[in-house]
Amino acid sequence: LKIEDTQPETHAFPWFGMDIGGTLVKLVYFEPVDITAEEEQEEVENLKSIRRYLTSNVAYGKTGVRDVHLELRNLTMCGRTGNLHFIRFPTQAMPRFIQMGRDKNFSSLHTTLCATGGGAYKFENDFRTMADLELLKLDELDCLIRGLLYIDRVGFNGHPECYYFQNPSDPNSCVKKPCNLDNHFPMLLVNIGSGVSILAVYSENNYKRVTGTSLGGGTFLGLCCLLTGCETFEEALEMASKGDSTNVDKLVKDIYGGDYERFGLQGSAVASSFGHMMCKEKRDSISKEDLARATLITITNNIGSIARMCAVNEKIERVVFVGNFLRINTVSTKLLAYAMDFWSKGQLRALFLEHEGYFGAVGALMELLKTSEDL
């Protein structure tokens, strides 16, 4: 037995965490920047090629994207210093990703691939048969909470990870403000992906799934594709940003002629989502942009309403919204902030996080490195 064999071994590179969702695959990759000359020499060619491929590109194939603006630089994990990269691609491209794993001979690196999300189960057999890779499958809600708490703790390159909107009720003075997510617990965590899960979190290891709704980001995109002929989330949001949902939705003032004062309902509040669409003249006069906007408002309002009721029921005042539905989606983040503030009479503040949909993947990476005491 050689002496070095008895030393505790840091997990072999490459370090990945994967979250395979219903719509998107999220991948985090730790790129070591403290590689010694000796390590450089010993590093096998396909490990080098993986590192070069991931860090020198911002796009992969037609649909893979590295979110460069989210990169965490000079992070110390397991005693190693490096950069954490955030990559996403559509789940429907999964077979091509597995094929790439085979082409780059990933299985020869003898690393564990930690994966969470429903796809860790759905694609497990494909990884095994196509790329000779075993997945270590992890619970997605465990990973979500662990990853969120870790990223919040290390911060976003010297800035807070968390933010909120000041003056959410006034569109003219509503501004994004960084904040610290101090005293995390209890918090209501609203995870908006293809569908929505709502968790009451009391500590890192003590949480419950309160409820959820099937009307989430997948619903928004699916309905937009049907109603407008768009193809992508980006396209749907672009259309929504130009539309007027009041051409599609029936408002309180359309029914009352003004406010419903007794119960504090403003005339501008939505009384019936898509309510104007029962009228042929209205249907003939609306644009695709109006339909996209109304779809976005409908889904967002429903999520906000359920989240508020959960917060009241669970007696939790800190409501944190995460998930890729919120990516590049300021319409929804501001609307959620407004809804929480308005309906709770200022008691509830909606909080958001910069790395929105990546926390599950980060949690999976942390599971890979769990043997280290540095985390």
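In the nomenclature of an unreviewed UniProt entry, the protein is known as pantothenate kinase of Poecilia reticulata. Checking UniProt for the protein, the heading Subunit (unreviewed entry) contains the comment "Homodimer." On record in UniProt, under Pathway (unreviewed entry), the comment for the protein is "Cofactor biosynthesis; coenzyme A biosynthesis; CoA from (R)-pantothenate: step 1/5."

Draft legend 1. View of the overall build of the protein. Each helix and strand in the protein was counted, giving 13 helices and 17 strands. Relative to the compact-globule value of 21 Å for 375 residues, the protein shows a C-alpha radius of gyration of 23 Å, a close match. The C-alpha extent of the protein, read off along each of the three principal axes, is 85 × 45 × 35 Å. Going through the 375 residues of the protein one by one, you find that 49% of them count as buried. For the protein, long-range pairs separated by at least 24 residues make up 67% of all intrachain contacts whose partners lie at least 6 apart in sequence.

Draft legend 2. Up close: the pairing of strand β13 (residues 206-213). Taken together, the seven bridges between strand β12 (residues 196-203) and β13 define a ladder with antiparallel strand orientation. Across the sheet, I198 pairs through a bridge with T211, a residue of β13. In sequence, β12 turns back onto β13 through a hairpin of two residues.

Draft legend 3. Expanded view of helix α3 (residues 94-103). The complete set of buried residues in α3 reads M94, F97, I98 and G101. In an axial view of α3, the angular spread of the buried residues amounts to 100°, which keeps them on one side of the axis. The exposed residues of α3 that point more than 90 degrees off its buried face are R96 and D103. Each element contacted by the buried residues of α3 is listed here: β1 (15-20), β2 (24-32), β6 (80-90) and α5 (124-131). N105 lies just past α3 and shows a positive phi near 55°.

Draft legend 4. Representation of the packing of aromatic side chains in the model. By the definition in use, this model includes 17 aromatic pairs. Between Y163 and F165, the aromatic rings sit 5.9 Å apart at their centres with planes inclined by 85°, giving edge-to-face as the arrangement. The class of F165 is buried, set by a relative accessible area of 8%. Connected via pairs of aromatic rings, a cluster forms that spans Y163, F165, F321 and F352. If you follow K104 out to its NZ or CZ, it ends over the ring of Y53, 4.7 Å from the centre. When the ring centre of Y164 is taken as reference, the NZ or CZ atom of R349 above it lies at 3.8 Å.

Draft legend 5. Quick peek at the packing of helix α7 (residues 217-228) against helix α11 (residues 288-314). Packing of α7 against α11 leaves a shortest axis separation of 10 Å and a crossing angle of 160°. It follows that α7 is roughly antiparallel to α11 by the angle criterion. In the crossing of α7 with α11, the sense of the turn from one axis to the other is right-handed. Residues T219, F220, L223, C224, L227 and T228 of α7 form the contact with α11, whose own contacting residues are K288, L291, A292, T295, L296 and I299. Taken together, the residues of the contact of α7 with α11 break down into eight nonpolar, three polar and one charged.

Draft legend 6. Main features of the pattern of salt bridges. Enumeration over the complete set of coordinates arrives at 16 salt bridges. Its salt-bridge partner being R66, residue E71 comes within 3.7 Å of it at the nearest N-O pair. Of the two residues examined, E71 and R66, each falls in the buried class. Across the pair R146 and E367 runs a salt bridge whose closest N-O atoms are separated by 3.2 Å.

Draft legend 7. Geometry of a nonpolar patch on the surface. A surface patch of nonpolar side chains, amounting to about 290 Å² of accessible area, comprises L223, L226 and L227. With respect to the helices, strands and loops of the structure, L227 is situated in helix α7. Judged by relative accessible area, L227 falls into the partly exposed class, the value being 35%.

Draft legend 8. Quick peek at the state of the cysteines. Scanning all chains against the criterion turns up zero disulfides. C230 supplies the cysteine sulfur nearest to C225, a cysteine that is in no disulfide, at a spacing of 4.2 Å. Free of any disulfide, C310 has its nearest cysteine sulfur in C162, 19 Å distant.

Thresholds applied
Residues numbered from 1 in each chain as written. Predicted model: local features only at pLDDT ≥ 70, side-chain atom pairs only at ≥ 80, totals over all residues. Heavy atoms only, no water. UniProt positions renumbered as here; feature names shortened; annotations may be inferred. Helix = DSSP H or I, 4+ residues; strand = E, 2+ residues; numbered from the N terminus. Rg over C-alpha atoms; globule rule 2.2 N^0.38 Å. Buried < 20%, exposed > 50% of the residue type's maximum accessible area, 1.4 Å probe, protein only. Contact = heavy atoms within 4.5 Å. Pairing = 2+ DSSP bridges. Arc of directions from axis to C-beta. Phe/Tyr/Trp six-rings, centres within 6.5 Å; stacked < 30°, edge-to-face > 60°. Lys NZ or Arg CZ within 6 Å of the ring centre and 35° of its normal. Axes fitted to C-alpha atoms, helices over the stretch in contact; angles between N-to-C directions. Parallel < 35°, antiparallel > 145°, perpendicular 65-115°, else oblique. Left-handed = near helix turned anticlockwise from the far one by under 90°. Nonpolar A, V, L, I, M, F, W, Y, C, P; charged D, E, K, R; others polar. Salt bridge = Lys/Arg side-chain N within 4 Å of Asp/Glu carboxyl O. Patch = residues over 30% accessible without salt bridge, like charges linked within 9 Å, V, L, I, M, F, W, Y side chains within 5 Å. Areas by Shrake-Rupley, 256 points an atom, 1.4 Å probe, with all protein chains shown as cover. Disulfide = S-S within 2.5 Å.

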